[in-house]
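Here are the chains, one letter per residue:
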Amino acid sequence: EVQLVESGGGSVQAGGSLTLSCAVSGFTFDYVIGWFRQAPGKGREGVSCISRSDGSRYYADSVKGRFTISADNAKNTVYLQLNNLKPEDTAVYYCAFHNNYGYNLSAQQVGFVEGRYVAWGRGTQVTVSS
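Per chain, residues are indexed from 1 in the order of the written sequence. Per-residue local features of the predicted model are confined to residues with pLDDT of at least 70, and side-chain atom pairs are confined, for both listing and counting, to 80 or more; whole-chain, interface and lining totals are unaffected and use all residues. Excluded from the side-chain calculations are hydrogens and water; all other atoms, namely the structure's heavy atoms, are used.

Participant: Which parts of the structure should I look at to understand the overall build of the chain?
Facilitator: Secondary structure assignment for the chain yields one helix and eleven strands. Strands here are runs of E lasting at least two residues and helices are runs of H or I lasting at least four, both read from the DSSP assignment and numbered beginning at the N terminus. Overall, the chain shows an N-to-C arrangement of helices and strands of β-β-β-β-β-β-β-β-β-α-β-β. In this description the radius of gyration comes from C-alpha coordinates, and the expected globular size is given by 2.2 Å times residues to the power 0.38. Whereas a compact globule of 130 residues would reach a radius of gyration of roughly 14 Å, the chain reaches 14 Å, a difference of no more than 12%. Seen through its C-alpha atoms, the chain measures out along the principal axes to roughly 45 × 30 × 25 Å. Only protein chains enter the calculation, and the probe is 1.4 Å; a residue is then buried if its accessible area is under 20% of its type maximum, exposed if over 50%, and partly exposed in between. The burial tally for the chain puts 45% of its 130 residues in the buried class. Here, two residues are considered to be in contact whenever any of their heavy atoms come within 4.5 Å of each other. Relative to all contacts within the chain whose residues are 6 or more apart in sequence, the contacts with residues 24 or more apart total 63%. Side-chain charges of the chain comprise 11 positive and 10 negative groups, with the mean position of each set lying 3 Å from the other. Residues counted as positive are Lys and Arg, residues counted as negative are Asp and Glu, and His and the chain ends are not counted. Note on charges: their place is set at NZ of Lys, CZ of Arg, CG of Asp or CD of Glu.

Take a look at the structure:
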């Protein structure tokens, strides 16, 4: 019932910036959107998440201070601003949906527990060259 579409990926040089978008459709009442990433040969790791319920935000330590998550609730779109990109940020970035209806959880409470996310986008590639 829920569909997520990521966009905004691309290739940049180290130190550059990108803005990723996650468009949510099919269920827009209440949710937490998480951003995850997966580099070749590595497992998927949580990056950031935001709760529509209370506007709370949560970041992985590795990106804190460089990435910013935000949401335009009227457009049902979540953004991830990537600043000061490093080659190690190269990965496919996915957004994921947690149904927060009736739960009213903060972003931190949902965190990066993948089992709490029930729908995933197909991902958008971010490549950072040195």
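Participant: How should I be thinking about the environment of W120 in this particular structure?
Facilitator: Relative to the assigned elements, W120 resides in strand β10 (residues 119–120). For the pair W120 and C49, spaced 71 residues apart in sequence, the C-alpha separation works out to 13 Å. Not counting chain neighbours up to four residues away, the residues in contact with W120 comprise L4, F36, R44, Y94, C95, A96 and E114.

Participant: Would you take a moment to explain the environment of E6 for this structure?
Facilitator: Inspection of the secondary structure puts E6 in strand β1 (residues 3–7). In sequence terms E6 and A96 are 90 residues apart; their C-alpha atoms lie 9.8 Å from each other. The residues touching E6, leaving out its near neighbours within four places in the chain, are S21, W35, Y93, Y94, C95, G121, R122, G123 and T124. In terms of polar contacts, E6 uses its side chain to reach the backbone amide nitrogen of C95, at 2.8 Å. In terms of polar contacts, E6 uses its side chain to reach the backbone amide nitrogen of R122, at 3.1 Å. A 3.5 Å cut-off defines polar contacts: any pair of N or O atoms within that distance qualifies, except that in protein one atom must be a possible hydrogen donor and the other a possible acceptor, and neighbouring residues in sequence count only when both atoms are side-chain atoms.

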